[in-house]
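Below are the chains, spelled out letter by letter.
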Amino acid sequence: MTPRPDLPLQSDLKMRHAALFRPKGWSGRLLVLAAVSLLIFGLWHLGFSLPKFLAGLASLGKFTLMMFPPEWGDSASLWRYIRALGETVAIALLGTMLAAIIAFPLSLIAARNTTVSRILRFFARRSFDTLRGVDTLVWALIWVNVVGLGPFAGVLAIAISDIGSLGKLFSEAIEASDKRPVEGITASGGSRLHAIRFGILPQVSPVLISQCLYFFESNTRSATIIGIVGAGGIGLQLSEQIRTLEWQTVCFIIIMILLTVSAIDFLSTKLRTAIAGPVNRA
């Protein structure tokens, strides 16, 4: 095939754009090599041992066999576990609702397009980083020592931790909203509050509700863990059965928790779908 005279030759293109014709792939290979080296070093530094791991799997199999068949004891014990599980769900629900109620106005301060002051926005952002930087279990240990044992400490622990996470997510959703409805409202004489109420809130409310539903589902699991340190709920019953080596009862409680989390996940998915449906049709 005869090259066209109006097109540059490949040698000319290589000379003009040498960077584009340079062989690639070394950076990716170096990153993979660095990641594998870091993994090997981490396993060595932390004392990973394949024989110890295999022995642990054998012990896990023994514990699993000891858990079956699951049993709950007498009827009084069964109702105690059901009440404790309901308490766990209540802790997760109240903690998530309290966090969302507090995080929403703070997210308006932390969002770039709705804040009243750059200084307040900076402090709001850093406050979110501080709150979510401490794990829920640590907050539970703190609040158990402050307000005492019981579900109230669990609600506070989940709420404080989720204020930081939900506040950050809410503010990012607000910043990503479309500016055109806000500009239309302000151009027609509306105030900033009108712009937020009628321009931003209808856009972000499905996202905010979906995030709250997801956090409620996640906090149900977290409420189980913090119950072990004295924050009430089914975690306290689970810890007691583990301490007394009642492995069949432990298995029954774990099955209860799994079924509850699955039911909450199913209902949350249905609600998120119902909320997203009208938005997509619009």
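Note: the structure precedes this text.
This is a predicted model, so every value here is computed, not measured. (Residues numbered from 1 in each chain as written. Predicted model: local features only at pLDDT ≥ 70, side-chain atom pairs only at ≥ 80, totals over all residues. Heavy atoms only, no water.)

Student: Mind showing me how you'd approach the packing of helix α5 (residues 75-110) against helix α8 (residues 151-175) here?
Tutor: A pair of packed helices is captured by two measures, namely the crossing angle of their axes and the spacing between those axes. α8 packs onto α5 with a crossing angle of 40 degrees between their chain directions and a minimal axis gap of 6 Å. As far as their axial angle goes, α8 and α5 are oblique. Helix-helix and strand crossings are classified by hand; for α5 and α8 the assignment is right-handed. Here the contact of α5 with α8 is composed, by residue class, of 20 nonpolar, 6 polar and 3 charged. (Axes fitted to C-alpha atoms, helices over the stretch in contact; angles between N-to-C directions. Helix = DSSP H or I, 4+ residues; strand = E, 2+ residues; numbered from the N terminus. Parallel < 35°, antiparallel > 145°, perpendicular 65-115°, else oblique. Left-handed = near helix turned anticlockwise from the far one by under 90°. Nonpolar A, V, L, I, M, F, W, Y, C, P; charged D, E, K, R; others polar.)

Student: Explanation requested: the pattern of salt bridges in the structure shown.
Tutor: Pairing between side chains of opposite charge can happen when their charged atoms approach one another. Under the counting rule described, the total for this entry stands at 9 salt bridges. Where Arg 125 meets Glu 175, a salt bridge forms, and the shortest distance between an N and an O atom there is 2.9 Å. With Arg 125 in helix α6 (residues 118-133) and Glu 175 in helix α8, this pair connects stretches of sequence that are 50 residues apart. Arg 126 is paired through a salt bridge with Asp 129; the nearest N and O atoms lie 2.9 Å apart. Taken as a pair, Arg 126 and Asp 129 lie in helix α6 at a separation of 3 residues, close to a single helical turn. When its relative accessible area of 37% is taken as the criterion, Arg 126 is described as partly exposed. One continuous salt-bridge network, built from bridges that share partners, spans Arg 112, Arg 121, Arg 125 and Glu 175. (Salt bridge = Lys/Arg side-chain N within 4 Å of Asp/Glu carboxyl O. Buried < 20%, exposed > 50% of the residue type's maximum accessible area, 1.4 Å probe, protein only.)

Student: What exactly am I supposed to notice about the packing of α5 against helix α10 (residues 192-231) here?
Tutor: At a closest axis distance of 7 Å, the pairing of α5 and α10 adopts a crossing angle of 140 degrees. Relative to α10, α5 is oriented oblique. Crossing angle aside, the handedness with which α5 passes α10 is right-handed. Here α5 contributes Thr 88, Val 89, Ile 91, Ala 92, Leu 93, Thr 96, Ala 100, Phe 104 and Leu 108 to the contact with α10, which in turn contributes Ile 196, Leu 201, Leu 208, Cys 212, Phe 215, Phe 216, Asn 219, Thr 220, Ala 223, Thr 224 and Ala 231. Taken together, the residues that form the contact of α5 with α10 break down as 15 nonpolar, 5 polar and no charged. (Contact = heavy atoms within 4.5 Å.)

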